[in-house]
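Next come the chains, spelled out residue by residue.
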Amino acid sequence: SAVTTATRDMRGALRHAADRPALFEAVLTKAPLGLAGGAGWLLLNVTAYEATIFGSAALALGLLQSLRGVGTGVGPALAKRLMASGWSARGLMRKSAAFTFASIALFIAATFAGLWLLVPAALLWGMGSGGGWVFSYTEIQRRGPDEMLGRLASVDMLAFTLCMSASALGAALLIDTLALSASAGAAILLVAGAALYVALRAWTTSLETLTATPSVG
């Protein structure tokens, strides 16, 4: 069936990437961001409902999402300039991930410290995620074989979507079952996403070190 064939092809693409640490990192780098971002999106909606300083929930949600949208356009534009100046796509992919985690953390902090921070935090969040998408896809296209690019992109999107959905659901469960605030739930998922990203970076770096070290004897 089509489902069986697609599943087999995606497993093959993942195995291919697993043998190539840099490609594997590019394929899965958005998954940890999805783990942080899903809870962040939930928090954004809750905050919009509660942020009366913007007038209404609909206006607040529209404003914050618009700022994120502007950021997703600004981020790739800056990415193009940085790559033209000699920065590597992989290095920028890593910096964009760190920038995105930091901007989501700023957004969470804004719900505690001062709602005026929501505006720049939403913009920065969009810039980081927009740039990260450009860099990760650039790395996938640069390092993956042409005949496998579609399958690698499918694995990338599947991992991201699953993590983002699980994050939103997990944050909702934390809020409902433990009576945590939306900010606290998002903070927990942010830490989980950052930890997963650090583990991914450490694993791919260790594999590259092993393959780069010549055998003795």
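A brief look at the structure comes next. In this text the structure is predicted, and so the values were computed from the model without any measurement.

### What about the pattern of salt bridges?
Close approach of charged atoms allows side chains with opposite charge to pair.
Next, step 1: Counted according to the given criterion, the structure contains 6 salt bridges.
Next, step 2: Arg90 serves as the salt-bridge partner of Glu208, at 2.7 Å between the closest nitrogen and oxygen. Residue Glu208 is located in helix H8 (residues 182-212), and its partner Arg90 is located in helix H5 (residues 89-113); the two are separated by 118 residues in the primary sequence.
Next, step 3: Via salt bridges that share partners, Glu25, Arg90, Arg94 and Glu208 belong to a single interconnected network.

### Quick notes on the packing of helix H3 (residues 30-50) against helix H7 (residues 149-178)
Next, step 1: Close contact between H3 and H7 brings their axes to 7 Å; oriented N to C, the two are set at 40°. Here H3 runs over H7; the crossing is right-handed. Of the residues in H7, those in contact with Lys30, Ala31, Gly34, Leu35, Ala36, Gly37, Gly38, Ala39, Trp41 and Leu42 of H3 are Asp156, Ala159, Phe160, Cys163, Met164, Ser167, Ala168, Ala171, Ala172 and Ile175.
Next, step 2: Tallied by class, the residues present in the contact of H3 with H7 amount to 14 nonpolar, 4 polar and 2 charged.

### As for the packing of helix H4 (residues 57-84) against helix H6 (residues 118-143)
Next, step 1: Relative orientation of the contacting elements H4 and H6 amounts to 45°, with a least axis distance of 6 Å. The angle between H4 and H6 falls in the class oblique. For H4 against H6, the interelement crossing comes out right-handed.

### Notes on the environment of Ser167
Next, step 1: Note that Ser167 resides in helix H7.
Next, step 2: A relative accessible area of 0% places Ser167 in the buried class.
Next, step 3: Spatially, the C-alpha atoms of Ser167 and Trp41 are 9.5 Å apart, while their sequence positions differ by 126 residues.
Next, step 4: Beyond its immediate stretch of four places on either side in the chain, Ser167 contacts Gly34, Leu35, Ala36, Gly38, Ala39 and Leu189.
Next, step 5: From its side chain, Ser167 meets the backbone oxygen of Leu35 in a polar contact 2.4 Å long.

### Structural notes on a nonpolar patch on the surface
Next, step 1: On the surface, a nonpolar cluster with roughly 220 Å² of combined accessible area is contributed by Val70, Val74 and Leu78.
Next, step 2: Here Leu78 falls in the partly exposed class, since its relative accessible area comes to 40%.

### Section: the nonpolar core
Next, step 1: Counting 45 residues, the largest nonpolar core has Val27, Phe107 and Leu152 as its most contacted members.
Next, step 2: With 8 residues, the top contributor of residues to this core is H5.
Next, step 3: Beyond its immediate chain neighbours, meaning those up to four positions away, Leu152 contacts Ala13, Ala17, Leu23, Val27, Ile140, Gly144 and Pro145.

The rules we used
- Residues numbered from 1 in each chain as written.
- Predicted model: local features only at pLDDT ≥ 70, side-chain atom pairs only at ≥ 80, totals over all residues.
- Heavy atoms only, no water.
- Salt bridge = Lys/Arg side-chain N within 4 Å of Asp/Glu carboxyl O.
- Helix = DSSP H or I, 4+ residues; strand = E, 2+ residues; numbered from the N terminus.
- Axes fitted to C-alpha atoms, helices over the stretch in contact; angles between N-to-C directions.
- Left-handed = near helix turned anticlockwise from the far one by under 90°.
- Contact = heavy atoms within 4.5 Å.
- Nonpolar A, V, L, I, M, F, W, Y, C, P; charged D, E, K, R; others polar.
- Parallel < 35°, antiparallel > 145°, perpendicular 65-115°, else oblique.
- Buried < 20%, exposed > 50% of the residue type's maximum accessible area, 1.4 Å probe, protein only.
- Polar contact = N/O pair within 3.5 Å; in protein donor to acceptor, adjacent residues only side chain to side chain.
- Patch = residues over 30% accessible without salt bridge, like charges linked within 9 Å, V, L, I, M, F, W, Y side chains within 5 Å.
- Areas by Shrake-Rupley, 256 points an atom, 1.4 Å probe, with all protein chains shown as cover.
- Core = buried A, V, L, I, M, F, W, Y, C linked by side-chain atoms within 4.5 Å.

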